[in-house]
Amino acid sequence: KVSRGKEHDFLGMKIKFHENRTVSIDMEDYVKGAIEGFSEVITKNASTPATRYLFDIRDKTKKLDKERADVFHSTVAKLLYICKRCSIQNAVAFLTTRVSKPDEDDWKKLKRVLQYLKGTIHDKLVLGCKDIGKMKSFVDAAFAVHHDMKSHTGGGISWGIGILLSMCQKQKLNSKSSTKAEVIGVSNFLSNMIWARMFLEKQGY
């Protein structure tokens, strides 16, 4: 079935094309479902999706029982889909590394993300292009922020309005300095830049 027009509803996303040549993606209903599907009622809002203790792991913290661990895993999986919103990618990237044996601290960190989403539930992703020939790429790395002293890469590609392609993930190898962590970060994200450029070239731009 073909859907035509300026507004579409696809896999939990309400997509709307605007007269100013931008497109907005609204996932309010999906976000609301993720919050309501959590086993605790989320009553308050958070100003940020995580605190500065996001990457801290305490080995002696009590592990979750199977029922809550399953809820944790399911909710994090839903957040992966909501990660089109770049603001939660850092927190979700960490939580995905904790789904096998989550503990009480991880549970609190997950609640924090849900509290942030509750407070920003009306936010939409807006994408647009000011100049198709000017692709802007951003890459950064946080050195040795993880429990095993590995670094973290963040990157994004934009054509002027919003981030269309993004990455936020733990690096797979240790680095001896922040400079090397930056080099690894660029290497991690470079394939996205090359792909985007080659894709546009093949479209005639």
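Residues numbered from 1 in each chain as written. Predicted model: local features only at pLDDT ≥ 70, side-chain atom pairs only at ≥ 80, totals over all residues. Heavy atoms only, no water.

**Student:** I'm lost on the packing of helix 2 (residues 66-82) against helix 4 (residues 104-119) in this one. Help?
**Tutor:** Angle between the axes and distance between the axes are the two parameters that describe a pair of packed helices. It is at 11 Å that the axes of helix 2 and helix 4 come closest, and there the two elements cross at 40 degrees. By the angle class used here, helix 2 and helix 4 are oblique. Our pair here, helix 2 against helix 4, has a crossing hand that is left-handed. Judged by residue contacts, Arg-68, Val-71, Phe-72, Thr-75, Val-76, Leu-79 and Ile-82 of helix 2 engage Glu-104, Asp-106, Trp-107, Leu-110, Val-113, Leu-114 and Leu-117 from helix 4. Classifying every residue of the contact of helix 2 with helix 4 gives 10 nonpolar, 1 polar and 3 charged. (Axes fitted to C-alpha atoms, helices over the stretch in contact; angles between N-to-C directions. Helix = DSSP H or I, 4+ residues; strand = E, 2+ residues; numbered from the N terminus. Parallel < 35°, antiparallel > 145°, perpendicular 65-115°, else oblique. Left-handed = near helix turned anticlockwise from the far one by under 90°. Contact = heavy atoms within 4.5 Å. Nonpolar A, V, L, I, M, F, W, Y, C, P; charged D, E, K, R; others polar.)

**Student:** Is there a simple way to explain the sheet that holds strand 6 (residues 152-158) in this structure?
**Tutor:** Each strand in a sheet pairs with another by means of backbone hydrogen bonds, the pair being arranged parallel or else antiparallel. The 3 strands are arranged 5-6-8 in an open sheet whose pairing can be described as antiparallel. Strands at the two margins of the open sheet, each flanked by one partner only, are strand 5 (136-142) and strand 8 (165-170). For this sheet the average axis-to-axis angle between neighbouring strands, irrespective of direction, equals 5 degrees. Sheet topology note: the strand 6/strand 8 ladder contains 6 bridges and is antiparallel. Pairing of Thr-153 across the sheet is with Gln-169, part of strand 8. (Pairing = 2+ DSSP bridges.)

**Student:** Honestly, helix 4 in this entry has me stumped. Any pointers?
**Tutor:** At 3.6 residues per turn, the α-helix brings residues three or four places apart onto the same side. With 16 residues, helix 4 ought to run about 22 Å at 1.5 Å a step, and its terminal C-alpha atoms sit 23 Å apart, in line with that. Where helix 4 is concerned, the buried positions are Asp-105, Asp-106, Trp-107, Lys-109, Leu-110, Val-113, Leu-114, Gln-115, Tyr-116 and Leu-117. Where helix 4 is buried, its residues touch helix 1 (28-36), helix 2 and helix 3 (89-95). Where helix 4 begins, the side chain of Asp-103 points an oxygen toward the backbone nitrogen of Asp-105, at a separation of 3.0 Å. (Expected span 1.5 Å × (residues − 1). Buried < 20%, exposed > 50% of the residue type's maximum accessible area, 1.4 Å probe, protein only. Polar contact = N/O pair within 3.5 Å; in protein donor to acceptor, adjacent residues only side chain to side chain.)

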